Amino acid sequence: MAYLRVSGTKIVDQNGKEIILRGAGLGGWMNMENFISGYPGCEFQIREALTDVVGKEKSEFFFDKFLEYFFTDTDAKFFKSLGLNCIRIPFNYRHFEDDMNPRVLKPEGFKHLDRVIDLCAAHGIYTILDLHTAPGGQNTDWHSDAGTHLANFWAHKDFQDRAVWLWGALAEHYAGNTWIAGYNPLNEPTDARHTRLIAFYDRVYAAIRAADPHHALFLDGNTFASDFSHFGDAHKKWENVAYSIHDYSIFGFPSSPEAYVSSDVQRRRLRRSYEKKRAWMDERGLCVWNGEWGPVYARTEYDGEKTAAVNTERYQVLKDQLDIYNKDRLSWSIWLYKDIGFQGMVHVARSTPYMTLFSAFLAKKQRLAVDAWGADDSHVRSIYQPLIDLIEREVAPENRQLYPAPVWKLSDRVGRLARNILVSEFLVKEWAEHFRGKEDAELDELAKSFTFENCVHREGLNKILMDNATLVAEAQ
Ligand SMILES: O[C@@H]1[C@@H](O)[C@H](O[C@@H]2CO[C@@H](O[C@@H]3CO[C@@H](O)[C@H](O)[C@H]3O)[C@H](O)[C@H]2O)OC[C@H]1O
């Protein structure tokens, strides 16, 4: 077996045969996230809080077990059975480097990553390695695990130096592994000046190529992988590179302005927003990969009797997006493989020890809308509206356009800062206190809740993905 590589607009194997990568992101695993795993705030906060409550040893035991159970052979087998061929693996830099011991590689970081890459390979599944958090935070959102909305990665050269160093070390480690389809060096950058991103890509490209001349690179556009308008001629310096968009559609979220009925107008809007993101690549004949997309789903426990109807609409958005992607022979990675029930292809059953322990807490998180992703703020909107009104009253419109506006509206910014960062911070200790007094066997049971065997399948989503895999296989 040889490496996959990028040839013009396509990804090809060693014989030049086109390989279309269709799969999902393993979010919430080596980069945990609040709405995926059920905690408030950021991963570094809950890890610290858990250590405070149960001690370092027990805390490390719990997280190690969590990593072990979250993805096992049965997950890979199931994934492959749907006709999917690629898993994007997001990871947090903290697995490989300690902020208090910078530039010293932590060998234990490879324990689970190597295991899962090999498990996937054994089932004929490619992997793409995605640095989802970089030192200082490369974007303004919770998933860069920085605890702030300021993407300090762009303001401090040393943070960038460390990410370049880390990629050099990872490339050295994985250079010979042909089941890795490639490296995705930075998830969803938000560089307000746009130029620092290109400079970083130049440096990380050189560091990876010095250790590994073969693997493809998947480079995200700026502003959450949606904007290549400042890339200019940058691609001329790079070879074997695909460009990554994240094609989330507003129609797949609770904030959709209207019900999705798959009208001509709505389908045109879906296509337009996708075409806009890939325009720079299309003008230059470059390869596009859609590294994240997909709706979120309603849940009976929060959304009651409208759940089924909402989800039928969301599945239609998904089908219409797939239709677009199939016509373009696009490689994609849907978000998300596994979670506690909002977006994943499989999700932890409500009867498990983890979901039982946190059931009241999760309801409180939902009510307070502390997770930004697909938040329903209806219970608390009146609390924050006065703040939005104040800013609108006192700040001139031209001064309100703080980056990443217009992708972030004023209400998004207030929501991120006030709920997702501030209120969340006050809930971190409460999350950790649920573990107080737990013995190893109980911690093991809590972590085990995340095994495939303890998960419910999102049948509607998986059927669409499987039918699509059959359809595209027949068309080939
Ligand atoms: O870890 C993932 C994370 O990668 C993902 O990030 C969000 C992606 O969407 C961003 O907003 C979109 C920006 O483009 C507009 O066109 C879309 O309508 C918006 O949805 C958002 O700000 C990012 O945080 O989200 C899920 C995480 O689990």
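Quick notes on the rules
Residues numbered from 1 in each chain as written. Predicted model: local features only at pLDDT ≥ 70, side-chain atom pairs only at ≥ 80, totals over all residues. Heavy atoms only, no water. UniProt positions renumbered as here; feature names shortened; annotations may be inferred. Core = buried A, V, L, I, M, F, W, Y, C linked by side-chain atoms within 4.5 Å. Buried < 20%, exposed > 50% of the residue type's maximum accessible area, 1.4 Å probe, protein only. Helix = DSSP H or I, 4+ residues; strand = E, 2+ residues; numbered from the N terminus. Contact = heavy atoms within 4.5 Å. Near = heavy atom within 4 Å. Polar contact = N/O pair within 3.5 Å; in protein donor to acceptor, adjacent residues only side chain to side chain. Areas by Shrake-Rupley, 256 points an atom, 1.4 Å probe, with all protein chains shown as cover. Nonpolar A, V, L, I, M, F, W, Y, C, P; charged D, E, K, R; others polar. Pairing = 2+ DSSP bridges.

As annotated in an unreviewed UniProt entry, the protein chain carries the name Putative glucan 1,3-beta-glucosidase A and is attributed to Grifola frondosa. Of the protein chain, the UniProt comment under Sequence similarities (unreviewed entry) reads exactly: "Belongs to the glycosyl hydrolase 5 (cellulase A) family."

### Quick word on the nonpolar core
Nonpolar side chains in soluble globular proteins tend to be buried together. With 112 residues, the main nonpolar core has Leu129, Trp238, Tyr337, Met345 and Trp431 as its most contacted residues. The biggest single contributor to this core is helix H7 (residues 195–211), with 8 residues. Ignoring sequence-local partners within four residues, the contact set of Trp238 consists of Ile198, Tyr201, Asp202, Tyr205, Leu219, Phe231 and Tyr243. Formed by 14 residues, the second largest nonpolar core is a distinct cluster that contains Leu4, Ile11, Ile19 and Tyr126.

### Focus on the site of the ligand
The local shell around the ligand holds 16 residues, among which Glu33, His132, Asp141, His143 and Glu188 are the closest. Glu188 places a side-chain nitrogen or oxygen 2.6 Å from an oxygen atom of the ligand. Contact distances for the ligand include 2.8 Å between an oxygen atom and a side-chain N or O atom of Glu292. When the ligand sits alone it has 590 Å² of accessible area, and the protein chains cover 85% of it. Split into classes, the residues belonging to the shell around the ligand amount to 8 nonpolar, 3 polar and 5 charged.

### Quick word on the sheet that holds strand E11 (residues 338–339)
Overall, mixed pairing links the 3 strands, which are arranged E11-E12-E13 in an open sheet. Where the open sheet ends on each side, the last strands, each with one partner, are E11 and strand E13 (455–457). Sheet analysis places strand E12 (residues 346–348) next to E13, joined by 3 bridges and oriented antiparallel. Each bridged residue has a counterpart across the sheet, and for His347 the counterpart in E13 is Val456.

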